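Architecture and fold: a report
The residues making up each chain are set out below.
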Amino acid sequence: MGTALITGGTSGIGLELAWQLAETHHDLVLVARDAARLAAVAEEIHQTAGVGVQVIDADLSVPDDLERVASRLRGGVTGAVAGAQGVHSAEQVAARPIDLLVNNAGFAVGQAFIGGDLDQERRALDVMVGAVMTLTHEALPGMVGRGHGAILNVASMTALTAMGTYAAHKAWVRTFTEGIASELAGTGVTATVVNPGLTRTEFHDRAGMDGSQWPEVMWLDAADVARAALAAVRRGQVICTPSARYQVGNAALRLAPRWFVRRVAGHASASTQY
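Reading the values: rules and limits
- Residues numbered from 1 in each chain as written.
- Predicted model: local features only at pLDDT ≥ 70, side-chain atom pairs only at ≥ 80, totals over all residues.
- Heavy atoms only, no water.
- 1 Å grid on protein atoms, 1.4 Å probe; cavity = no way out; pocket = protein on both sides within 12 Å on 5 of 7 lines; lining within 4 Å.
- Points joined across faces, edges and corners; volume = space filled by probe spheres on them.
- Helix = DSSP H or I, 4+ residues; strand = E, 2+ residues; numbered from the N terminus.
- Nonpolar A, V, L, I, M, F, W, Y, C, P; charged D, E, K, R; others polar.
- Salt bridge = Lys/Arg side-chain N within 4 Å of Asp/Glu carboxyl O.
- Buried < 20%, exposed > 50% of the residue type's maximum accessible area, 1.4 Å probe, protein only.

1. Description of the layout of surface pockets
If you roll a probe as big as a water molecule over the atoms, it shows you where there is empty space left. In this structure, the second largest pocket encloses a volume near 230 Å³. Taken together, L21, T24, H26, D99, L100, H148, G149, A150, L230, V233 and R234 form the lining of the second largest pocket. Where the lining of the second largest pocket is concerned, the elements lending two or more residues are β5 (149-154) and α8 (222-235). Among the residues making up the lining of the second largest pocket, the classes are represented as five nonpolar, four polar and two charged.

See below:
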């Protein structure tokens, strides 16, 4: 049994990851902005799966909130609840070190860069790049010191496109993960980036996107994405692209000339982000 901290852990891929980790008896630390929803999800997982769940309500674009999550990653005492019988309480979970950090929080920018709101762009950068860097930086020393642990970063197939700042953020996450994976070689700690394509979650509804514009065959199930990501973490695999059809798309984007990528997958409206 380990302890996983998941940002954006109350919906979509993050929630599926939480449930699947709970089913394998991992205690959880869930991070999200909605305190009421956090409490409800934590109680449901605690009662159903029989694992301990700590919650941290935080907006990762707010420096003080980000620091509270970073502080949790720096904390924890190895063996703090070793030998404890039964289901761990939230207080016991809060004393444990983090074995798996999942950087999942993110949102559609929802605008073109030219003429768009700069504060919205900065918030997206803070959540999908700044927070990923900060939390990973704070988690790794403890993991390396203990000789085990893992980072799982959620990027996107758009990382290989030129679809505006959202794609740029996800490209950073992908390259960042590859870089730290190389740096971690031989430490017992791994880094994995999952690059899902279109996935059935609340992501598109929250951004006011019309999901019907894409054919059904393009959609992935969030549970399948989570399952593939966790399998990749267990194998120590660095890059995970769920589903054969998106693996083909991934290969095509990597081999295509960049002028061609810009033409067919370049600037796009907010409705094409995923």
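Having seen the structure, we can now continue with the description.
2. Comments concerning the pattern of salt bridges
One pass over the full model with this rule turns up six salt bridges. Two residues, D27 and R96, come together in a salt bridge whose shortest N-O distance is 3.1 Å. Here R96 lies in the loop between α4 (90-94) and β4 (100-103) and D27 lies in strand β2 (residues 27-32), a separation of 69 residues in the sequence. For the pair D27 and R96, one class covers both residues: buried. What emerges from the salt-bridge pattern is a single network uniting E67, R74 and E138.

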